[in-house]
Amino acid sequence: MLDIKVIKAPAPGTMAILRQRSGNRWSEDFLPAAVGLVQGKLIDMVVASDIAEKTAGVEVTDIRGSCPQNMILLAIAGDTAEVMECLERIKEGGDGANAHL
């Protein structure tokens with residue numbers, strides 16, 4: 001089961017937290033209109049990342065917790081409509097290419 005949330009027009013402080021927790025993969029001038037957050041099992045998050053990148057022109061990064069080996073959640077950033085479309089596709093499980101065997 002995945003937990004999915006969206007932040008529309010993320011505040012500068014929120015972006016700073018995401019940048020820090022992602023190992024500063026996003027530059028300080030990267031100010032997306034929305035950020036989708038997806039949390040769940042590692043296998044589900046890798047599939048969610050693949051779905052998001054195949055759906056729209058978004059930036060996807062993992063957000064780490066207290067231990068660098070743990071991928072705690074994904075952040076999917078971009079235009080609001082693109083992020084929302086990605087989150088919908090993730091909820092649906094993609095296009096069937098990543099279906100359960």
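So, how was this worked out
- Residues numbered from 1 in each chain as written.
- Predicted model: local features only at pLDDT ≥ 70, side-chain atom pairs only at ≥ 80, totals over all residues.
- Heavy atoms only, no water.
- Phe/Tyr/Trp six-rings, centres within 6.5 Å; stacked < 30°, edge-to-face > 60°.
- Buried < 20%, exposed > 50% of the residue type's maximum accessible area, 1.4 Å probe, protein only.
- Helix = DSSP H or I, 4+ residues; strand = E, 2+ residues; numbered from the N terminus.
- Contact = heavy atoms within 4.5 Å.
- Core = buried A, V, L, I, M, F, W, Y, C linked by side-chain atoms within 4.5 Å.
- Salt bridge = Lys/Arg side-chain N within 4 Å of Asp/Glu carboxyl O.

So, about the packing of aromatic side chains. If you walk through the whole model with that rule in mind, you get one aromatic pair. Look at Trp 26 and Phe 30: their rings are 5.2 Å apart centre to centre, the planes differ by 55 degrees, and that puts the pair in the tilted class. Given the relative accessible area of 6%, Trp 26 is considered buried. The class for Phe 30 is partly exposed, based on a relative accessible area of 22%.

What follows is about unusual backbone geometry. Among all residues save glycine, negative phi is the norm, and among peptide bonds the norm is trans. Even without glycine at this site, Ala 9 takes up a positive phi of about 50 degrees. Mapped onto the elements, Ala 9 comes out in the loop between strand S1 (3-8) and helix H1 (12-21). We note that Asn 24 has phi near 55 degrees; this positive angle belongs to a residue other than glycine. Counting through the fold element by element, Asn 24 comes out in the loop between H1 and strand S2 (34-39).

Tracing the chain through its elements places Arg 19 in helix H1. When residues no more than four places from it in sequence are discounted, the contact partners of Arg 19 are Pro 12, Asn 24, Arg 25, Trp 26, Ser 27, Glu 28 and Phe 30.

Residues Val 38, Ala 52, Val 58, Ile 76 and Ile 90 are the most contacted members of the largest nonpolar core, which totals 15 residues. Setting aside residues up to four positions removed in sequence, Ile 90 forms contacts with Leu 2, Ile 4, Val 38, Ala 48, Ile 51, Ala 52 and Ile 76. Membership of the second largest hydrophobic core comes to nine residues, among which are Leu 18, Trp 26, Val 35 and Ile 63.

So, about the environment of Gly 57. Take Gly 57: it is sitting in the loop between helix H2 (42-55) and strand S3 (59-64). According to the relative accessible area criterion, Gly 57 is exposed, its value standing at 60%. Distance in space between the C-alpha atoms of Gly 57 and Cys 86 is 9.7 Å, their sequence separation being 29 residues.

Here we come to the pattern of salt bridges. Applying the stated criterion across every chain yields a total of five salt bridges. Across the pair Asp 62 and Arg 25 runs a salt bridge whose closest N-O atoms are separated by 2.2 Å. Taken together, the residues span a long stretch of sequence, with Asp 62 in strand S3 and Arg 25 in the loop between H1 and S2 at a distance of 37 residues. Residue classification places Asp 62 among the buried residues on the basis of a relative accessible area of 14%. Between Glu 85 and Arg 89 there is a salt bridge, with its nearest N and O atoms 3.2 Å apart. Of the two residues, Glu 85 and Arg 89 both sit in helix H3 (residues 80-92), four residues apart, roughly one turn of that helix. A cluster of three or more residues bridged by salt bridges with shared partners is formed by Arg 25, Asp 62 and Arg 64.

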